[in-house]
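Tertiary structure, described
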Amino acid sequence: MTRHVLVIGAGGIGCPAIAVLQRAGVERITVLDPDTVSVENLHRQILFGDRDLGRGKADVVADRYGVEAHAVRLDAANGARWIEGKSCVIDGTDNFADKYKINELCLRADVPLVHAAGAQFRGQVLTVTRGGPCLRCLLPEPPDAATDECRSTGVFGPAVGVVAALAAAEALRVMGGDRANRGLFLVDLARGRIRRAALEAVPGCGCAGALTRP
Ligand SMILES: [Zn+2]
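Quick summary incoming for the structure in this document. Note that the structure is predicted; figures quoted are calculated from it, not measured.

Digging into the packing of aromatic side chains
Counted according to the given criterion, the structure contains 2 aromatic pairs. An angle of 55 degrees between the planes, with centres 6.3 Å apart, marks the rings of Phe 96 and Tyr 100 as tilted. With Phe 96 and Tyr 100 both in helix α4 (residues 96-109), this residue pair falls 4 residues apart, about one helical turn. Here the aromatic rings of Phe 121 and Phe 156 are separated by 4.8 Å at their centres, their planes lie at 45 degrees, and the arrangement is tilted. Pair noted here: Phe 121 is in the loop between β5 (113-119) and β6 (122-128) and Phe 156 is in the loop between α6 (150-153) and α7 (157-175), with a separation of 35 residues, a long-range link. Assessed through its relative accessible area of 36%, Phe 156 is described here as partly exposed. Of note, Arg 81 hangs over the ring of Trp 82, and the distance from its end group to the ring centre comes to 4.8 Å.

Following this line, the structure appears as structure tokens:
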């Protein structure tokens, strides 16, 4: 069966994840990113170099790596169209407003989602499948917008590299048919620690309800 991964965001998480999945032989990868390459991206966004500054990320990814890429920002209006029918979605966006939207759309479409986020020396990965747990079980409300942007908090490149590799591994796992709940991966390179925390679907959350919906 053809595995088709949608990677949302070609940033510090998306770039390494795309490279890993491509080398792992994933048959089809679609990338969405409306942004252009800027100099502060380069230390962690490993698909881009100096010569790409100012170019659209989608153009570079498509031209140089032969991956289907679109300069599109996923939103509530177009989201279902991009997500439906995919084998897996990797959320490498850099803000929680998009992450919640993607969480809901993937649950609705019954497409496995690998949520990945990182800032400073820390990061997290959560694989969301029908029945949960999902991002809302972890964080019922989005964190304060001022604290969740990479731009405002800075990113240690290797931390998002580790998060990206974990996200790619999780994507390969779920596409191999294993959708078991592995809980939440937590990366903290300031402490030199990677651990996994148990997480269960919260009763009443939409993802838990998805278990009993036909
Ligand atoms: Zn949930």
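Section: the coordination of the zinc ion
The coordination sphere of the zinc ion, as far as protein atoms go, consists of Cys 134 (SG), Cys 137 (SG), Cys 205 (SG) and Cys 207 (SG), spread over 2.2 to 2.3 Å. Coordination at the zinc ion comes from 4 donor atoms whose angles at the metal span 96 to 128 degrees, giving a geometry best classed as tetrahedral. Binding-site remark: the zinc ion is held by donors from one chain whose sequence spacing is C-x2-C-x67-C-x1-C. Note that Cys 137 is positioned in helix α5 (residues 135-138) and Cys 207 in helix α8 (residues 206-210), a separation of 70 residues in sequence. Residue classification places Cys 137 among the buried positions, given a relative accessible area of 9%.

Remarks on unusual backbone geometry
The residue after Gly 132, namely Pro 133, is reached through a cis peptide bond having omega 5 degrees. Position of Pro 133 among the secondary structure elements: in the loop between β6 and α5. Not every positive phi belongs to a glycine, and Asp 110 is a case in point at roughly 55 degrees. Within the secondary structure, Asp 110 is located in the loop between α4 and β5. With phi around 50 degrees, Gln 120 is a residue other than glycine that occupies positive phi space. Residue Gln 120 is classed as partly exposed on the basis of its relative accessible area of 35%.

Rules behind the numbers
Residues numbered from 1 in each chain as written. Predicted model: local features only at pLDDT ≥ 70, side-chain atom pairs only at ≥ 80, totals over all residues. Heavy atoms only, no water. Phe/Tyr/Trp six-rings, centres within 6.5 Å; stacked < 30°, edge-to-face > 60°. Helix = DSSP H or I, 4+ residues; strand = E, 2+ residues; numbered from the N terminus. Buried < 20%, exposed > 50% of the residue type's maximum accessible area, 1.4 Å probe, protein only. Lys NZ or Arg CZ within 6 Å of the ring centre and 35° of its normal. Donors = N, O, S within 2.8 Å, 3.2 Å for Na, K, Ca; no water. Tetrahedral: all angles 85-135°; square planar, octahedral: opposite > 155°, others 65-115°.

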